[in-house]
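Fold and contact review
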Amino acid sequence: MREVDDALVRVGRALRLVLLVALAVLFLVPFYLLVRNGLASEADITAPDWTFFPRELHWSNLRELFDDPSVPMAHALLNSALIAVATTLGTLLLASLAGYGLARVPYQHANAVFYAILGTLMVPAAVTFVPSFVLVSSLGWVSSLRGLIVPTLFSAFACFVFRQYFLGFPRELEDAAQVDGLGPWRTYWRVVVPNTRPVFASVGVIVFIGAWNAFLWPLVIGQDRDAWTVQVALSTFTTAQSVNLHELFVAAAVSILPLLLVFLVLQRYIVAGVERSGIDG
């Protein structure tokens, strides 16, 4: 009987391994297509006979991408990096302060404010798109980094995550800091923030990916070429007249590299941050 149980356990492990390998292969297929087509010629991409890799790898496609005068790819990558970093830092600052205030500051209407913030998550983005554009336009922020960054700084989801975590944060640490003479502001920066790094990292990764992948708002606000982000630049390779396939694929491959690096460096914080934020409870 024990031998049968051991055999079933081994079969179960083997099936799980096969399933994981199959899912990993499916997950990697898009990345393979990006690399394969990014290093291929137009003829290889559109050829009726599929090859795992083209006979000749066109590394010149990468140089051609950055030398293309019609698409300022390097400047678009710089804009996306500045916007994503600024949006991430600003969102972490505002959302963490709001979450900490809702969790710790004694205020009789704190729950009502919190529910009002959560209510904004149910409002479709299309509803606030036109008013936001009118406001940004009236301030003269069209085609500027301010117009691309400031309206997206606050995140109700990030505020919710921080509030849930701070509700379970040990009050003893804050009480000890106050006994040592630290006020609420210094307690937050010297005690609370250093002990919430996993939550900051996990929320930061989510916000960074969202800011990097944003398309509609940068498309409308970034009307000048100098304000294009990488997603807007990618859209210019596909027009009603032509489709520049090899540059489109190599540009897509280049555009996801920063996301992969950020995710690989901070991936362990994502699970830890979610587990400690109270979302699952």
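Preceding this paragraph is the structure being described.
About the cut-offs
- Residues numbered from 1 in each chain as written.
- Predicted model: local features only at pLDDT ≥ 70, side-chain atom pairs only at ≥ 80, totals over all residues.
- Heavy atoms only, no water.
- Helix = DSSP H or I, 4+ residues; strand = E, 2+ residues; numbered from the N terminus.
- Rg over C-alpha atoms; globule rule 2.2 N^0.38 Å.
- Contact = heavy atoms within 4.5 Å.
- Areas by Shrake-Rupley, 256 points an atom, 1.4 Å probe, with all protein chains shown as cover.
- Lys, Arg positive; Asp, Glu negative; His and termini not counted.
- Charge placed at Lys NZ, Arg CZ, Asp CG, Glu CD.
- Patch = residues over 30% accessible without salt bridge, like charges linked within 9 Å, V, L, I, M, F, W, Y side chains within 5 Å.
- Salt bridge = Lys/Arg side-chain N within 4 Å of Asp/Glu carboxyl O.
- Axes fitted to C-alpha atoms, helices over the stretch in contact; angles between N-to-C directions.
- Parallel < 35°, antiparallel > 145°, perpendicular 65-115°, else oblique.
- Left-handed = near helix turned anticlockwise from the far one by under 90°.
- 1 Å grid on protein atoms, 1.4 Å probe; cavity = no way out; pocket = protein on both sides within 12 Å on 5 of 7 lines; lining within 4 Å.
- Points joined across faces, edges and corners; volume = space filled by probe spheres on them.
- Phe/Tyr/Trp six-rings, centres within 6.5 Å; stacked < 30°, edge-to-face > 60°.
- Buried < 20%, exposed > 50% of the residue type's maximum accessible area, 1.4 Å probe, protein only.
- Lys NZ or Arg CZ within 6 Å of the ring centre and 35° of its normal.
- Nonpolar A, V, L, I, M, F, W, Y, C, P; charged D, E, K, R; others polar.
- Arc of directions from axis to C-beta.

Moving on to the overall build of the protein. Regarding its fold elements, the protein presents 14 helices and zero strands. Here the C-alpha radius of gyration of the protein, 24 Å, is well above what a compact globule of 281 residues would show, namely 19 Å. Dimensions of the protein, computed from C-alpha atoms along their principal axes, come out at roughly 80 × 70 × 35 Å. Taking contacts inside the protein between residues at least 6 apart in sequence as the whole, the part at least 24 apart equals 71%. Put simply, the protein shows about 16,800 Å² of open surface, and 68% of that area lies on carbon and sulfur atoms. The positive charge centre, built from 17 side chains, and the negative charge centre, built from 19, are 10 Å apart in the protein.

This part covers a nonpolar patch on the surface. A contiguous nonpolar patch, built from V35, F52, F53, L57 and W59 and spanning about 530 Å² of accessible area, is present on the exposed surface. Tracing the chain through its elements places W59 in the loop between α2 (42-46) and α3 (60-67).

It is worth spelling out the packing of helix α9 (residues 171-179) against helix α10 (residues 184-192) at this point. Packing of α9 against α10 leaves a shortest axis separation of 10 Å and a crossing angle of 125°. Considering their axes alone, α9 and α10 lie oblique with respect to each other. Relative to α10, α9 is oriented so that their crossing is right-handed. Residue-level contacts link L173, E174, A177 and Q178 of α9 to T187, V191 and V192 of α10.

The next point concerns the layout of surface pockets. One number sums up the size of the largest pocket: a volume of about 1,000 Å³. In this structure, the largest pocket is lined by 29 residues; those nearest its centre are A125, P151, T152, F154 and S155. Listing elements by their share of the lining of the largest pocket, those giving two or more residues are α4 (73-104), α6 (125-138), α8 (156-167), α11 (197-213) and α12 (216-221). Here the lining of the largest pocket gets five residues from one element, more than from any other, and that element is α11.

Of note, S143 is a non-glycine position whose phi angle comes to about 60°, a positive value. In this structure, S143 sits in the loop between α6 and α7 (145-149).

All right, on to the packing of aromatic side chains then. Taken as a whole, this structure holds 16 aromatic pairs when the rule is applied. Ring centres 5.5 Å apart and planes at 50° place the aromatic pair F27 and F31 in the tilted group. With F27 and F31 both in helix α1 (residues 2-38) and four residues apart, the pair spans about one turn of that helix. According to the relative accessible area criterion, F31 is partly exposed, its value standing at 26%. Both rings, one in Y188 and one in W189, keep their centres 5.3 Å apart while their planes meet at 80°; by these two values the pair is edge-to-face. Members of the aromatic cluster, each reached through a chain of ring pairs, are Y100, F162, Y165, F166, F169, W185, Y188, W189 and F200. We note R163 situated over the ring of F114; from NZ or CZ to the ring centre the distance is 3.9 Å. The lysine or arginine in question, R225, covers the ring of W228, its NZ or CZ lying 5.7 Å from the ring centre.

With respect to the helices and strands, W212 occurs in helix α11. For W212, a relative accessible area of 3% corresponds to the buried category. It is 8.4 Å that separates the C-alpha atoms of W212 and T229, two residues lying 17 residues apart in sequence. Setting aside residues up to four positions removed in sequence, W212 forms contacts with L77, S80, A81, A84, V230, Q231, S255, P258 and L259.

With that settled, the discussion passes to the packing of α4 against α8. The N-to-C vectors of α4 and α8 enclose an angle of 45°; their axes lie 7 Å apart at closest approach. Considering the angle they form, α4 stands oblique to α8. By crossing handedness, the relation of α4 to α8 is classed as right-handed. Of the residues in α8, those in contact with T91, L92, A95, S96, A98, G99, Y100, L102, A103 and R104 of α4 are A158, C159, F162, R163, F166 and L167. Here the residues of the contact of α4 with α8 are counted per class, giving 11 nonpolar, three polar and two charged.

Among the residues of α10, T187, Y188, V191 and V192 are the ones counted as buried. Viewed along the axis of α10, the buried residues span an arc of 110°, placing them on a single side of the element. The exposed residues of α10 that point more than 90 degrees off its buried face are W185 and R190. As for α10, its buried residues are in contact with α4, α8, α9 and α11.

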